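Here is what each chain is made of, one letter per residue.
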Amino acid sequence: MKIVVQKYGGTSVSTAEKRALVVQRVSKALQDGYRVALVVSAMGRQGEPYATDTLRLLALQEWDGVSLRELDLIMSCGEIISAVVMAATLGGEGINAFALSGAQAGLLTDGCYGEAEVVDCRPDKMLKILEQNAVPVVAGFQGVDGDGELNTMGRGGSDTTAVILGAALQAEKVEIYTDVSGIMTADPRIFKEARVIQQITYGEVCQLAYEGARVIHPRAVEVAMRNNVNVVVKNPEDDGPGTLITGEHILREGNFSTRGRRAVTGIAHTTGLVQFIIEFVEPDSKRELEIFQRIGEAEINIDLISVFPRIKAFTVKREHRFKVEEILKNLDVSYRLDPDCAKVSVVGVGMHGIPGVMARVVEALHAQGIKIKQSGDSNITISLLIGQEDLPQAVKTLHDSFQLNNNDK
Ligand code: ADP
Ligand code: MG
């Protein structure tokens, strides 16, 4: 059986018009000889009647002490509603379809309410449906634990559901349909001229996602990488090829780059960061340890971090600012802070082997008068902390400097 798993995000199933496009995609795949399994997210975005947040509030408005267990139960309904509606739409068009909850689709989770991980997938029921050449429509973002408790999977859960099912069903590919035409060289909401990346490695997408590009959830990409699942990201509203996410070895065989490798594949950004700078009069390793321990105990994630004997600089999300200030004051540590920072990150497997990438980043930002407040890097990423007001200009200038609008690179 040649199987394709198609995942549709919230905006792609929210109206009759959008669902008609899903029907077209499903019919096309069936005509091409595929057995088709669907995964759907809850209909619409925040504030809309069947969106996950709306359902959650329904319970929380009654009592803000509602348990995570109950919240998971109500939050799992959004996707179930979506699955039933989508199966009905398909049925109305003469395509035999069965809506399934995550539990019915065989997704076994670890019992962590709100952020469950899938520990096993037993897709027997799905296989039976596929064998009849019918379409299982699975409610994304959920599973059932060993005690029969429903769990939801947290942000990006439907992406992860699709990839896990893709692996379990040995699908030829998993298609993630969303409101953009693929993974783009930068977030199109901040940079309109961003273009669709044709092929990208699992590692690069993970890194883009970690650095703030929310187009696909990093956990979904990790699962795809581990199981060697080919993932394609595209828009149901256009006929473009979208983005193929695949292993690096396959990518290298392609001829999309004139020099064999491109230095930078894409740019991601994160807003709402606060930078703390602490200056000791004398190096004090005990104090230093205490600071980071207290912040860790408060479960606050530190992002960019630079530690020198006397100076320590680090960033946290804006929501953690006051907690960190409290910790530092309690330790009697004096500090400076910069409340309006953003992080821009350039990502590319190719930068590993190409010297001078950092120089180019610095040159491009300085030419625009953009001050770099801090930086960090891993082997395929360089991140720069800048003022939030400089972010659009920084994305544009880096995009230009690395010629990301050039389709051949
Ligand atoms: P869905 O509901 O389909 O899962 P998401 O909102 O999770 O959709 O993801 C799609 C959004 O991701 C886009 O609307 C876009 O603003 C954002 N995004 C951020 N970075 C990128 C990028 N590099 N390429 C494409 N989209 C991006
Ligand atoms: Mg999403």
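Up top you'll find the structure we're talking about.
Only a predicted model underlies this, so the values are computations on that prediction, with no experimental measurement involved.

K.L.:
Even after reading the chapter, I still don't get the pattern of salt bridges, so can you show me in this structure?
P.N.:
It is possible for side chains of opposite charge to pair when their charged atoms get near one another. Summed over all chains, the structure comprises 22 salt bridges. Note that Glu 279 and Arg 310 form a salt bridge whose closest N and O atoms lie 3.7 Å from each other. Residue Glu 279 is found in strand β13 (residues 266–279), and its partner Arg 310 is found in the loop between β14 (305–307) and β15 (311–317); the two are separated by 31 residues along the sequence. Residue Arg 310 is classed as partly exposed on the basis of its relative accessible area of 38%.

K.L.:
Even after reading the chapter, I still don't get unusual backbone geometry, so can you show me in this structure?
P.N.:
Both trends apply: most residues other than glycine have a negative phi, and most peptide bonds are in trans. Here the phi dihedral of Gln 170 falls at roughly 50 degrees; this positive angle occurs in a residue that is not glycine. Relative to the helices and strands, Gln 170 is located in the loop between α5 (157–168) and β9 (173–177). The class of Gln 170 is exposed, set by a relative accessible area of 68%. Backbone geometry at Asp 332 places phi at a positive 60 degrees, although glycine is not the residue there.

K.L.:
Can you help me understand the site of ligand 1 in this one?
P.N.:
Near ligand 1, the surroundings consist of 17 residues, among which Thr 178, Asp 179, Met 184, Asp 187 and Arg 189 are the closest. Between ligand 1 and Lys 7 there is a distance of 3.2 Å, counted from an oxygen atom to a side-chain nitrogen or oxygen. Met 184 places a polar main-chain atom, nitrogen or oxygen, 2.8 Å from a nitrogen atom of ligand 1. Notes on ligand 1: free accessible area 580 Å², of which the protein chains cover 94%.

K.L.:
Even after reading the chapter, I still don't get the side chain of Thr 246, so can you show me in this structure?
P.N.:
Counting through the fold element by element, Thr 246 comes out in strand β12 (residues 243–246). Within polar-contact distance, the side chain of Thr 246 engages the side chain of Asn 230 at 3.5 Å. Those residues in contact with Thr 246 that lie beyond four places of it in its chain are Gln 199, Ile 200, Thr 201, Tyr 202 and Asn 230.

K.L.:
What exactly am I supposed to notice about the sheet that holds strand β11 (residues 231–234) here?
P.N.:
Strand pairing in a sheet relies on backbone hydrogen bonds. The paired strands run either parallel or antiparallel. If you trace the eight strands from one edge of the open sheet to the other, you get β3-β6-β2-β1-β9-β11-β12-β10, paired in mixed fashion. Across the chains shown, the open sheet's two edge strands, defined by having one partner strand only, are β3 (97–100) and β10 (199–201). Strand-to-strand twist across the sheet, computed as the mean angle between neighbouring axes with direction ignored, equals 20 degrees. Direction of pairing for strand β1 (residues 3–8) relative to strand β2 (residues 35–40): parallel, over a ladder of six bridges. Pairing of Tyr 8 across the sheet is with Val 40, part of β2. Packing against the sheet, α5 makes contact with β1, β2, β6 (135–139), β9 and β11, and its axis sits at approximately 175 degrees to β1.

Rules used in this analysis
Residues numbered from 1 in each chain as written. Chains lettered and ligands numbered in written order. Predicted model: local features only at pLDDT ≥ 70, side-chain atom pairs only at ≥ 80, totals over all residues. Heavy atoms only, no water. Salt bridge = Lys/Arg side-chain N within 4 Å of Asp/Glu carboxyl O. Helix = DSSP H or I, 4+ residues; strand = E, 2+ residues; numbered from the N terminus. Buried < 20%, exposed > 50% of the residue type's maximum accessible area, 1.4 Å probe, protein only. Near = heavy atom within 4 Å. Polar contact = N/O pair within 3.5 Å; in protein donor to acceptor, adjacent residues only side chain to side chain. Areas by Shrake-Rupley, 256 points an atom, 1.4 Å probe, with all protein chains shown as cover. Contact = heavy atoms within 4.5 Å. Pairing = 2+ DSSP bridges. Axes fitted to C-alpha atoms, helices over the stretch in contact; angles between N-to-C directions.

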